[in-house]
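# Structural features, examined
Residue strings, one per chain:
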Amino acid sequence: EHPKFTYHNSFLIADVHGAVVLETAGKRWAVETVTGRARSISNGLTIEGFTEKYSDRLRGAVAACAIRQELTQKLASGAGSPADMMAILRDNGTGAGPNWSIWRGSMVGPNMHAGGILASSQTVSSWVSDLRAEPLHWATGTADPALSLFKPIRINQPANLGPLPTNTFDAESLWWRHELLHRRALLNWNTAHAAIASERDETETAWIADPPSTEQAITIAADLEEAWLNRIWEEPHRDERPFWLRYMWSRYNKAANFKPPFNLEESA
């Protein structure tokens, strides 16, 4: 969508024996071996010495990367299960729903929401890897993990997820189908989240205890998301977003040719 937008990055690399952090700045790089109970990164440099030399403090402040990294480091230090990690990735950094800023949308937690003028990033998928015993991975494959289900993924068992998403709406795509729920929920995020959170957690608890196949999980998730969409649509609602956020998301929808079978701008 924006090919000229580039930035350096940080990476967590882990296997059953341990983990390292790799951070890059142009052709320069640094590695840190993880020794404590938890290690978190964000889209800003975190390795001591390397950070001071090469970080862009202005971009980092706008993107709130240090705020997110401090939060996820604290939460990860107390995590003890895949469910704990899923809860961390769902955190908006506010203790509740998104906290909208005209400059950067809602980006103070790992669950980020687009809509800012200066920075506009969105959590488009989330992943948890359990490397104990036989490795099992959990991925949403969809935006906003608080409105998504983490589905079991096994590296040696490929699953048909349908066509890969592009920057244009495709009703056959797993990611874009979920946007029907996600973009409807944005009108009143807290109300929508409250309507689905209990059933979401019950489903994932059952899956963690007895993981289904990836394709079974995708089918179950699709049925649940359709029911959730119908549920939140039937609830009395109004668009509680500030006017500038409505404008930004109307632009995103237009650019993606996103035309759901209902009026996103309706309010009751």
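A brief structural summary. (Residues numbered from 1 in each chain as written. Predicted model: local features only at pLDDT ≥ 70, side-chain atom pairs only at ≥ 80, totals over all residues. Heavy atoms only, no water.)

### Structural notes on the environment of P211
Tracing the sequence through the fold places P211 in the loop between α6 (189-209) and α7 (214-234). Residue classification places P211 among the partly exposed positions, given a relative accessible area of 27%. Expressed as a C-alpha distance, the spacing of P211 and K151, which sit 60 residues apart in the sequence, is 8.7 Å. For P211, the contacting residues outside a window of four places in its chain are L136, W138, P152 and R154. (Helix = DSSP H or I, 4+ residues; strand = E, 2+ residues; numbered from the N terminus. Buried < 20%, exposed > 50% of the residue type's maximum accessible area, 1.4 Å probe, protein only. Contact = heavy atoms within 4.5 Å.)

### Considering the nonpolar core
Core analysis: the biggest nonpolar cluster contains 31 residues, and W138, L149 and W228 have the highest contact counts within it. Going through the elements one at a time, β5 (136-139), α5 (174-185), α6, α7 and α8 (243-255) are the ones with two or more residues in this core. Looking at which element gives the most residues to this core, the answer is α7, with six residues. Setting aside residues up to four positions removed in sequence, W228 forms contacts with L147, L149, L181, I196, E199 and R200. Counting six residues, the second largest nonpolar core, distinct from the first, contains V21, A25, L45 and I47. (Core = buried A, V, L, I, M, F, W, Y, C linked by side-chain atoms within 4.5 Å.)

### A short note on the sheet that holds strand β4 (residues 127-130)
Strand pairing in a sheet takes place through backbone hydrogen bonds and is either antiparallel or parallel in direction. Strands sit in the order β4-β5-β6 across an open sheet of three strands; the sheet is antiparallel. Looking at strand neighbours, the two that pair on one side only are β4 and β6 (151-153), the edges of this open sheet. This sheet shows a mean twist of 25° between the axes of neighbouring strands, independent of strand direction. Relative to β6, β5 runs antiparallel, the two being bridged by three bridges. Bridging from a neighbouring strand, A139 pairs with K151 of β6. (Pairing = 2+ DSSP bridges. Axes fitted to C-alpha atoms, helices over the stretch in contact; angles between N-to-C directions.)

### Things to note about the pattern of salt bridges
Taken as a whole and assessed by the stated rule, the structure comprises eight salt bridges. In this structure, R90 and E204 form a salt bridge, with 2.5 Å as the shortest nitrogen-oxygen distance. Of this pair, R90 sits in the loop between α4 (82-89) and β4 while E204 sits in helix α6, and the two are 114 residues apart along the sequence. Look at R90 and you get buried, because its relative accessible area is 9%. Among the salt bridges present, the one from D130 reaches R132, with a minimum N-O distance of 2.9 Å. Judged by its relative accessible area of 16%, D130 is buried. Connected through salt bridges with shared partners, the residues D239, R241 and R246 form a single ionic network. (Salt bridge = Lys/Arg side-chain N within 4 Å of Asp/Glu carboxyl O.)

Keep in mind these values describe shape, not function.
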